[in-house]
Every structure is written in structure tokens, then in C-alpha cells.
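One-letter residues, chain by chain:
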Amino acid sequence: MDVGHQPIIHPGRVMGRFFFRLAGSRLGRYVVSMSALDRQRHLLSIAPMMDWTDRHCRVFLRLLSRHVLLYSEMLPVDALIIGGAFHLLSRREEEGAVVAQLGGVHPERLADGARRVEDAGFVEVNLNAGCPSHRVQQAGIGACLMKTPLVAARAVASMKRAVSIPVTVKHRIGVDTVDAESQLVQFVAALADAGCDGFIVHARLAHLRGLNPKQNRQCPALRPDIVYRLKARFPHLHIELNGGIHDLEEAARHLAHLDGVMIGRAAYRNPFLLAGADRAIFGDFSRPTPSRVDVLRKLIDYGERLAAEGEPIWHLARHLLGLFHGRPGARRWRRFLSEHPHRMAASARLLQESLRLAETLEATP
Ligand SMILES: Cc1cc2nc3c(=O)[nH]c(=O)nc-3n(C[C@H](O)[C@H](O)[C@H](O)COP(=O)(O)O)c2cc1C
């Protein structure tokens, strides 16, 4: 994508609009709770994705954009607090600003989890209220929370009391309902009262029976119009859109109406779309747009450190499969990485060899 010399959206305009809204806000408590959230940072984020947005993926994505906000995979709070799986909170300095997403419902455990998230250096903690998987349903967490706004509000209030970092919620426009808008409004109002600092809305209904998680990300149709109306109804709240956004131009179009945009699958399949984000979305022209080869060169150093720690290089290399998405040689690139004869045993040399291939492919017009 040609990002040109002008940001697609000038952040100054967004901030101006924000302060204007605050000045007109009727409810002082929102001003207090929202002051903690770094709104510039929230213009563009990459969605939490289980098995995808692990720490190696985040190190890679950070090399493409200094400013994009990254999320962890969902971390089940029971695994953390009861199971003692604190390794889930380990992060690398190179990842920059990352939000940790928790899955849970029990207020005390969520508060404990949120404290550990803050201690581990994450910039915010997010509660998952949108995942429709069977396992999540059995635990009464994820999208189930949308059906019980008061339970969700109690959970958020408990997390808010426990930490000084912002607490946000990622949810759907509705769950198992024919009247999404009234369910959504009730849910958001209850969470706002509990002090929730921001709402990331996946603009699609979730059906807990009959559809698996993958189907629940494909149908029914996306309804960004409902999220726009939510923002119009609660102009003082921080509201972001997620779902089906393919590129930065589309993101910028939504940013004219909303506070932030979150991209999921498109950014994983085509991570290079992020290379233009610092200029086009965040208005930062202080660095040249990185090339694929620049990113790989920097990753080699990281890969060598991983290998020295005994971590299979494939854990990093698998996230690079989409780096040449849409470019000549994309298939050759994927084949090179994934058909490496001993991919689990591959050493950091795999990255050096991939750099040579990348140089050849990048030189291809
Ligand atoms: C492989 C995969 C794993 C996901 N895991 C999570 C998760 O852990 N937490 C969450 O809130 N959403 C999860 N999601 C949903 C995404 O965050 C996002 O809401 C959804 O993919 C819609 O955005 P998109 O159309 O931009 O991909 C996952 C999606 C995918 C594809």
C-alpha cells in the first residue's frame, strides 16, 4: 500500500475531538476513569488471537510498527491463579506496549490476575466478553458475560479496584439475541458504571449454540452501523470497532467515527500491512517505513537469542509465513519456511537463509 506523505487520519484531529467531548461530558466519573487510557495508542490495535499473538509474534509485529497496540492471547485467569501458570505472563521488552487479555468471571480471581498483569509490565488489562468457544461457555466466561451484565460489571469493578492501569472489555454486539442493540446498550451502560475504561466491539452477534468459534467469526453479517450508533449514544465513552477490517484505508474510514480500530486475521495473514501504520494512522514520520528485509535482519538477532535459550526457532518462524502475502514469491516464501526438513529442530540459521530469499523476493518487481 502506498501510504503517501500524509497520515490518512491526523491524530491531532482525533485528540481535539476527544477533548471537546470531555468538555461536554455530563458525567465526571467517566473523565476520571478515561484519563488513564492512552487514546493515541488505541487508534489501531492488533486483536488478541489464541495460538497466534504469542510473545514471538508480538516481537515480530512490533518491528513493523512502533505504535500499534498489541494484545496477548486470552489468558484464562483460573489457569493463572489456581493453576499457577505464571509463565503465561512472561513478556519481552522488545514487544513494547502490550495489553493482556484475561478470561474469567470470578471477581477476586480477576482482581488477582489483573494485579499480576500490571506487575508483569502490561500497559492495560482487558476482559474477554466475546469468545463463544465451547470450553469458554462451560466455564461461563467469554461471550456468556454479555448475557449477565451485572456479573460482568462486578468483575470489571473488582479489577478496577485492584490496579492503576486501564481496564477495558472486548465484546460482541450481542449474544443469542434478536435485539442486539438493547442488549449492547445495557451491557455497555453497566460496565461504564463499573468504571470500564474502554470498549472494543466485535461487530457481530455471537451464537452460542449451533455455531463453532470459527463460524462465529464468519457469520452473521458484520454490523459496524450498530457500533457507530453505540458511540453516538455514549459519546463520552471510548469505543473501538473490530471485525472484518482488511487494511489501513478501511481502518482510517472507521476512525472518522470511532475512537479506535482493532484488526485481527487480516494483520496475521498479511502482517506487512502494519508497516505503513506509524505514518498513516499515528502520524509519525520520524522513521522510514521498514522493508521486509529490514524486519528480518532485526529478527535474526532475536532468533539467535531464542535459540540460545533452547526455544525452537519455528516458534518464531511460523508467524512470518504471511510476510510476502500478495507479493510475487509468496508461495515460495511460505514453502521455504514451512517445508524446512526439520522445522522444529531448525536453528537460527533458518532465519539467515530466509533473509537471503527475502532479499531476492524483495528485489523482484
Ligand atoms: C485464531 C484466532 C484466535 C482468537 N482468539 C481470541 C482470543 O483469545 N480473545 C479474543 O477476544 N478474541 C479472539 N479471537 C477473535 C479476534 O480477536 C477478533 O475479534 C476476530 O477475529 C474478528 O476480527 P477480524 O475480523 O479482524 O479477524 C480470535 C480469532 C482468531 C482468528
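The coordinates are above.
Okay, so let's go over this structure. Just so you know, these numbers come straight off a predicted model, no measurement behind them.

**With respect to the site of the ligand**
1) Next: Among the 23 residues in the neighbourhood of the ligand, the closest are listed as Ala47, Met49, Met74, Gly264 and Arg265.
2) Next: Those elements that place two or more of their residues in the shell around the ligand are strand E2 (70-76) and helix H11 (265-269).
3) Next: For the shell around the ligand, the per-class residue count stands at 10 nonpolar, 8 polar and 5 charged.

**Considering the packing of helix H8 (residues 180-193) against helix H9 (residues 224-233)**
1) Next: Taken N-terminus to C-terminus, the directions of H8 and H9 make an angle of 45°; their axes are 11 Å apart at the nearest point. Compared by their axis directions, H8 and H9 come out oblique. The interaxial crossing formed by H8 with H9 has right-handed handedness. Facing H8, whose interface residues are Ala180, Glu181, Leu184, Val185 and Val188, H9 presents Ile226, Leu230 and Arg233.
2) Next: For the contact of H8 with H9, the residue count by class is 6 nonpolar, no polar and 2 charged.

**Quick look at the pairing of strand E7 (residues 239-242)**
1) Next: Along E7, one buried face is formed by Ile239 and Leu241 and the opposite face, lined by Glu240 and Asn242, is buried too.
2) Next: Sheet topology note: the strand E6 (residues 198-206)/E7 ladder contains 4 bridges and is parallel. The residue bridging His202 from the neighbouring strand is Asn242, located in E7.
3) Next: The β-α-β motif built from E6, the intervening H9 and the parallel element E7 has right-handed crossover chirality.
4) Next: In terms of strand pairing, E7 meets strand E8 (residues 260-263) through 3 bridges, oriented parallel.

**Thoughts on the environment of Leu350**
1) Next: Looking at where Leu350 falls in the secondary structure, it is placed in helix H16 (residues 349-363).
2) Next: Sequence separation of Leu350 and Leu337 is 13 residues, and the distance between their C-alpha atoms is 7.9 Å.
3) Next: Those residues in contact with Leu350 that lie beyond four places of it in its chain are Ile313, Ala317 and His340.

**Points about the nonpolar core**
1) Next: With 105 residues, the main nonpolar core has Ala114, Val125, Val156, Met159 and Leu191 as its most contacted residues.
2) Next: Counting residues per element, this core draws most heavily on helix H7 (residues 149-162), which supplies 7 residues.
3) Next: Here this core spans two domains, and each of domain 1 (11-280) and domain 2 (292-363) adds at least three residues to it.

**Focus: the sheet that holds E6**
1) Next: Ordered in space as E1-E8-E7-E6-E5-E4-E3-E2, the 8 strands form an open sheet in which the pairing is parallel. For this open sheet the edge positions go to strand E1 (44-46) and E2, each flanked by a neighbour on one side alone. Geometrically, the sheet is characterised by an average inter-axis angle of 25° between neighbouring strands, direction not taken into account.
2) Next: Bridge count for E1 against E8 is 3 bridges, and the pairing is parallel. Bridging from a neighbouring strand, Ile46 pairs with Ile263 of E8.

**Overview of the packing of helix H5 (residues 107-119) against H7**
1) Next: Relative to each other, H5 and H7 sit at 35°, their axes nearing to 8 Å. Read as a crossing pair, H5 and H7 show a hand that is right-handed. Of the residues in H7, those touching H5 at Pro107, Glu108, Leu110, Ala111, Ala114 and Arg115 are Arg154, Ala155, Ser158, Met159, Arg161 and Ala162.
2) Next: For the contact of H5 with H7, the per-class residue count stands at 7 nonpolar, 1 polar and 4 charged.

**A look at unusual backbone geometry**
Excluding glycine, a negative phi dihedral is what most residues carry, and trans is how most peptide bonds are arranged.
1) Next: In this structure, Asp51 is a non-glycine residue whose phi angle is positive, near 75°.
2) Next: Summarising the element assignment, Asp51 is placed in the loop between E1 and helix H3 (55-64).
3) Next: For Asp51, a count of 8 C-beta atoms within 10 Å gives the class exposed.
4) Next: Residue Asp176 is not a glycine yet carries a positive backbone phi of 50°.
5) Next: Within the element layout of this structure, Asp176 appears in the loop between strand E5 (167-175) and H8.

**As for the environment of Lys170**
1) Next: Summarising the element assignment, Lys170 is placed in strand E5.
2) Next: A count of 26 C-beta atoms within 10 Å places Lys170 in the buried class.
3) Next: Note: C-alpha distance between Lys170 and Gly142 (28 residues apart in sequence) is 9.1 Å.
4) Next: Not counting the four nearest positions on each side in its chain, Lys170 is found in contact with Gln101, Asn126, Asn128, Ala129, Gly130, Ile200 and His202.

**Examining H7**
1) Next: With 14 residues, H7 extends 20 Å from end C-alpha to end C-alpha; this agrees with the ideal 20 Å at 1.5 Å per step.
2) Next: Considered for burial, the residues of H7 that qualify are Pro149, Ala152, Ala153, Ala155, Val156, Ala157, Met159, Lys160 and Ala162.
3) Next: Elements that come into contact with the buried residues of H7 comprise H5, strand E4 (124-129), E5 and H8.

What counts and how
Residues numbered from 1 in each chain as written. Predicted model: local features only at pLDDT ≥ 70, side-chain atom pairs only at ≥ 80, totals over all residues. Near = placed C-beta within 6 Å. Helix = DSSP H or I, 4+ residues; strand = E, 2+ residues; numbered from the N terminus. Nonpolar A, V, L, I, M, F, W, Y, C, P; charged D, E, K, R; others polar. Axes fitted to C-alpha atoms, helices over the stretch in contact; angles between N-to-C directions. Parallel < 35°, antiparallel > 145°, perpendicular 65-115°, else oblique. Left-handed = near helix turned anticlockwise from the far one by under 90°. Contact = placed C-beta atoms within 7 Å. Buried ≥ 20, exposed ≤ 12 C-beta atoms within 10 Å, placed from the backbone. Pairing = 2+ DSSP bridges. Right-handed = clockwise from strand over helix to strand, strands pointing away. Core = buried A, V, L, I, M, F, W, Y, C linked by C-beta atoms within 7 Å. Domains from an automatic or database assignment. Expected span 1.5 Å × (residues − 1).

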